[in-house]
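# Structure at a glance
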There are 4 protein chains.
Amino acid sequence: MRHQKVDVILQAAVEVFSDQGFDQAKMDDIAQAAGVAKGTIYYHFKSKEDLFTGLMDEGMEKLIGCAKRHIDSEDSPVDQMHGLIRAHSQFFMENGKLAKLLLNEAFGTKERQQKFRASIREYIQLIELLIERGIATGDFQFDYPSEMAIAIFGAGSVLVLHKLYALEDNAWTSEESEEVTQMIIQSLSQLVFRSLLIK
Amino acid sequence: MRHQKVDVILQAAVEVFSDQGFDQAKMDDIAQAAGVAKGTIYYHFKSKEDLFTGLMDEGMEKLIGCAKRHIDSEDSPVDQMHGLIRAHSQFFMENGKLAKLLLNEAFGTKERQQKFRASIREYIQLIELLIERGIATGDFQFDYPSEMAIAIFGAGSVLVLHKLYALEDNAWTSEESEEVTQMIIQSLSQLVFRSLLIK
Amino acid sequence: MRHQKVDVILQAAVEVFSDQGFDQAKMDDIAQAAGVAKGTIYYHFKSKEDLFTGLMDEGMEKLIGCAKRHIDSEDSPVDQMHGLIRAHSQFFMENGKLAKLLLNEAFGTKERQQKFRASIREYIQLIELLIERGIATGDFQFDYPSEMAIAIFGAGSVLVLHKLYALEDNAWTSEESEEVTQMIIQSLSQLVFRSLLIK
Amino acid sequence: MRHQKVDVILQAAVEVFSDQGFDQAKMDDIAQAAGVAKGTIYYHFKSKEDLFTGLMDEGMEKLIGCAKRHIDSEDSPVDQMHGLIRAHSQFFMENGKLAKLLLNEAFGTKERQQKFRASIREYIQLIELLIERGIATGDFQFDYPSEMAIAIFGAGSVLVLHKLYALEDNAWTSEESEEVTQMIIQSLSQLVFRSLLIK
DNA sequence: CATGAATGAGTCTTCATTCAT
DNA sequence: TATGAATGAAGACTCATTCAT
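Note that this is a predicted model, so its numbers are computed, not measured. (Residues numbered from 1 in each chain as written. Chains lettered and ligands numbered in written order. Predicted model: local features only at pLDDT ≥ 70, side-chain atom pairs only at ≥ 80, totals over all residues. Heavy atoms only, no water.)

### Overview of the UniProt feature "domain: HTH tetR-type" (unreviewed entry) in chain A
Here, UniProt's "domain: HTH tetR-type" (unreviewed entry) annotation points to residues 3-63 of chain A. The distance separating the terminal C-alpha atoms of residues 3-63 of chain A is 23 Å; by composition the span is 85% helix and 0% strand. (UniProt positions renumbered as here; feature names shortened; annotations may be inferred. Helix = DSSP H or I, 4+ residues; strand = E, 2+ residues; numbered from the N terminus.)

The following block contains the structure:
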């Protein structure tokens, strides 16, 4: 079992990193937020980088695990895509801080993100495979599965992120939050399955 | 007309900011890239913040202008949406550095981005209005126009960004780049107009 | 008898201090090298300072003891000087780590070394007394016995140190090492007894 | 011409490094001693390491230059050796701070000193060549010229260093200091040319 | 207008030492 | 006795900003 303080630190780190971004976040703040001395963080983590990377990796792992579980619990590609949309939306809405952390840093040139991009790609490939299966079964129709996967990922991520920021500004109740999640899921579903056009 | 050095500085700034992100970018680097002394930047810009904000505002202004022109050149909401997708894709693919700059920083909590978010919202509202018009004319069908606008913005932005990074890694020819742009446009169009499902 | 762990720690300390110098040596390294927990060191030694000083004192004590034994086993000042040169060379060549430790820190301004300098002075005085006895017996001839003692100490120490570093770079066999020791002894003897000049 | 502040910093650095040693010296102290802000040092020097290395290199260059000049102004190996002893003694006694700096760090394992050792070796080789020339001319007699060179270097360096420390403790007048220098020169000469033994 | 040397507040990181177990 | 997690003071280094020339 992981040492207790490590968890406290990780929690504080998510908080601070998600609020400030990697560069603006100060180790002092994380220490204070965690209620430990600065040295304690360095006893458990090699560096700011290390702490951050650990967070990202763990977060992506959770996300991918959650997505896989939702996908595997369904059979048809259509239902699986629905599952994925639900998983994505709920996971991020329920882990708002982590969502900001992941999505904020998901786009950037720096080396730090190179490694992180691998996990992102893994997640996107999950979507891609789904699309390809749907095409194979004749359910879906699309010229570029890979691009479609990225676009869907983008749509879902940006929409969630946008709502999270709104949620942050006006502190909403959990019911309202749940309502927003449903709206996100419905919006994404409509975009992906029905498109804008009236048939 | 703007002073010549100002343009040199702005160009260098786009370059550096887009490569490094705001926090990692150093005024020294910008000065060097621009071939001017560091003091010169401060003669023309109040601060790093100021330089950055100017860049963002100008970039968003161009983007919004470009989008408006494409929209206005069409009549029906469907064609206008097509125009917008083309405008978005082409503008960002042709202004890769600016694209990274805008999209990298489009997601983040910090105050710096608060102001910038206003322009983003203006752009998204352009999409939203389009959708609402489409609904009014009976062309479109959608429950949450605002969320749809954000989702489409997200899909388009992330897809472009993704391709820009790939382009950066393997230096592609301009024909290939053009090809990619077409693929992006087609993918987004399919997502928005046809959806995944075979009708 | 000293506690077993104390010896383990002392051995590790010699190793690490001699490799890294006092300032660069880390208590963590010493603990690891000794295979004990860091706290254990502090159970047996008051501080890093204390550990180091103990090492130095013990080392100098051994050196001085060794020198005295060699001196006392001879009668004439000339033979005693020979004995001292042999003792010095052999002791340091056989205790390379200790040698580096002692000689590295023998030269420095810091307070830590003030105390250590006392032992050095004691050792040098051994040489000085020898010279004075030689002068008294008419064997030696020299204007400044004290300076002569220091110069001889310097010659012997630096030569040994130099060879130890060479030995470290190219791992030599013990025969070669023995050979080097003989060369050192002979060189020092020639310097002290015959001088450069052909009579 | 080197910028003025650079010289001020270098001077302060010699002072502080020679008093404290590399590890104990604080950049803050050097800045304060130089009367400049800490950042100014970093504007001119890449790092503490860089500052230190520069100092060492410059110092050794001066020393070697001084030695060469003294050697070249004499003809016979005997006189040249005398010249070298004078150069060594006077140079170090007149540049006490530099002497401590150079000699303190001349003995140590760390990488920092590896580079510095090259200069030391160059200086020692100067002595070695001298000895070899003396052997060729039949003036000198010695089995191991290289070891002899090192021993002489050690004798001279340690003797000077020892006197510098004594000088530091009791602040001596410059006449006394000059007197000490003469005593050093005479002692070394006797050691090198006459040896202990009465012929 | 332009320069670039100088500044110093702000950060990350290290490491000797302590202490509850 | 022994441990090793926790501490926090200390120190190297960065970089946006200023200002005298």
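Here the narrative resumes.
### Digging into the arrangement of the chains
The least C-alpha distance between chain A and chain C, which are not in contact, is 12 Å. Between chain B and chain C there is no contact, and the shortest C-alpha to C-alpha separation is 32 Å. (Contact = heavy atoms within 4.5 Å.)

### Digging into a negative patch on the surface
All names here are of chain A. On the surface, Glu94, Glu175, Glu176, Glu178 and Glu179 cluster together into a negatively charged patch. Of all the elements, helix 9 (residues 174-194) adds the most residues to the negative patch, at four residues. Relative to the helices and strands, Glu175 is located in helix 9. Classification of Glu175 by relative accessible area gives exposed; the value is 59%. (Patch = residues over 30% accessible without salt bridge, like charges linked within 9 Å, V, L, I, M, F, W, Y side chains within 5 Å. Areas by Shrake-Rupley, 256 points an atom, 1.4 Å probe, with all protein chains shown as cover. Salt bridge = Lys/Arg side-chain N within 4 Å of Asp/Glu carboxyl O. Lys, Arg positive; Asp, Glu negative; His and termini not counted. Charge placed at Lys NZ, Arg CZ, Asp CG, Glu CD. Buried < 20%, exposed > 50% of the residue type's maximum accessible area, 1.4 Å probe, protein only.)

### Section: the interface of chain A and chain B
At the interface, 53 residues of chain A touch 54 residues of chain B. At the junction of chain A with chain B, the criterion picks out two salt bridges. Note that Lys163 of chain A is salt-bridged to Glu147 of chain B, the shortest N-O span being 2.4 Å. The interface formed by chain A and chain B includes eight residue pairs in polar contact (both at pLDDT 80 or more). When contributions to the side of chain A that touches chain B are tallied by element, the ones reaching two or more residues are helix 1 (4-24), helix 5 (77-94), helix 6 (96-105), helix 7 (111-137), helix 8 (145-169) and helix 9 of chain A. With 15 residues, the top contributor of residues to the side of chain A that touches chain B is helix 8 of chain A. (Polar contact = N/O pair within 3.5 Å; in protein donor to acceptor, adjacent residues only side chain to side chain.)

### Overview of the relation of the copies chain C and chain D
Overlaying chain C with chain D gives an RMSD of 0.1 Å, the required rotation being 180° about an axis along which the chain moves by 0.0 Å. With respect to symmetry, the two chain copies, as superposed, fit the operation of a two-fold axis. The fraction of interface residues of chain C whose copies in chain D are also interface residues reaches 100%, indicating that both copies meet through the same surface. (Least-squares fit on C-alpha atoms with pLDDT ≥ 70 in both.)

### Considerations on the interface of chain C and chain D
Taken together, the contact pairs 53 residues of chain C with 53 residues of chain D. Of the roughly 5,000 Å² buried between chain C and chain D, counting both surfaces, carbon and sulfur atoms make up 64%. Summed over the shared surface of chain C and chain D, the number is two salt bridges. Of all the secondary structure elements, the ones that give two or more residues to the side of chain C that touches chain D are helix 1 (4-24), helix 5 (77-94), helix 6 (96-105), helix 7 (111-137), helix 8 (145-169) and helix 9 (174-194) of chain C. Considering each element in turn, the side of chain C that touches chain D owes the most residues, 15 residues, to helix 8 of chain C. For the side of chain C that touches chain D, a count of residues per class yields 25 nonpolar, 15 polar and 13 charged. (Buried area = accessible area lost by both parts, 1.4 Å probe. Nonpolar A, V, L, I, M, F, W, Y, C, P; charged D, E, K, R; others polar.)

### Observations regarding helix 1 of chain A
All names here are of chain A. Along its 21 residues, helix 1 runs just 26 Å from first to last C-alpha, ending more than 12% under the 30 Å computed at 1.5 Å per residue. At Ser18, helix 1 shows its maximal bend, which comes to roughly 80°. Those residues of helix 1 lying buried are Val6, Ile9, Leu10, Ala12, Ala13, Val14, Val16, Phe17, Ser18, Gly21 and Phe22. (Expected span 1.5 Å × (residues − 1). Bend = angle between axes of the 7 residues up to and from the residue.)

### Overview of the relation of the copies chain A and chain B
Put simply, the second copy of the chain is the first one after a rotation about an axis and a shift along it. Mapping chain A onto chain B leaves a residual RMSD of 0.1 Å; the transformation is a rotation of 180° accompanied by 0.0 Å of translation along its axis. Same-surface contact between copies: 100% of interface residues of chain A are shared with the interface of chain B.

### Structural notes on the protein's contact with DNA strand E
In the region of DNA strand E, 32 residues are neighbours, and Thr40 of chain B together with Lys5, Thr40, Tyr43 and His44 of chain D sit closest. Backbone atoms, meaning sugar plus phosphate, form 69% of the atoms of DNA strand E positioned within 4 Å of the protein. At a separation of 3.3 Å, a phosphate oxygen of DNA strand E approaches a polar backbone atom of Ala37 of chain B. Contacts to DNA strand E include Thr40 of chain B, whose side-chain N or O atom sits 2.3 Å from a phosphate oxygen. Those elements that provide at least two residues to the surface near DNA strand E are helix 3 (38-44) of chain A, helix 3 (38-44) of chain B, helix 3 (38-44) of chain C together with helix 3 (38-44) of chain D. (Near = heavy atom within 4 Å.)

### A closer look at the packing of aromatic side chains
Summed over all chains, the structure comprises 24 aromatic pairs over all chains. Centroid distance Phe17 of chain D to Phe22 of chain D: 5.7 Å. Interplanar angle 10°. Geometry classified as stacked. Between Tyr123 of chain D and Phe153 of chain D the ring centres are 5.8 Å apart and the planes differ by 75°, which places this aromatic pair in the edge-to-face class. Remark: Phe153 of chain D occurs in helix 8 (residues 145-169) and Tyr123 of chain D occurs in helix 7 (residues 111-136); sequence separation between them is 30 residues. As far as burial versus exposure is concerned, Tyr123 of chain D and Phe153 of chain D are alike and both buried. Three or more aromatic residues link up through ring pairs in this structure, and these residues are Phe17, Phe22 and Phe52 of chain A. We note Lys48 of chain C situated over the ring of Phe22 of chain C; from NZ or CZ to the ring centre the distance is 4.7 Å. (Phe/Tyr/Trp six-rings, centres within 6.5 Å; stacked < 30°, edge-to-face > 60°. Lys NZ or Arg CZ within 6 Å of the ring centre and 35° of its normal.)

### So, the UniProt feature "DNA-binding region" (unreviewed entry) in chain A
Under the UniProt annotation, "DNA-binding region" (unreviewed entry) lies at residues 26-45 of chain A. End C-alpha atoms of residues 26-45 of chain A are separated by 15 Å, and the span's content is 75% helix alongside 0% strand.

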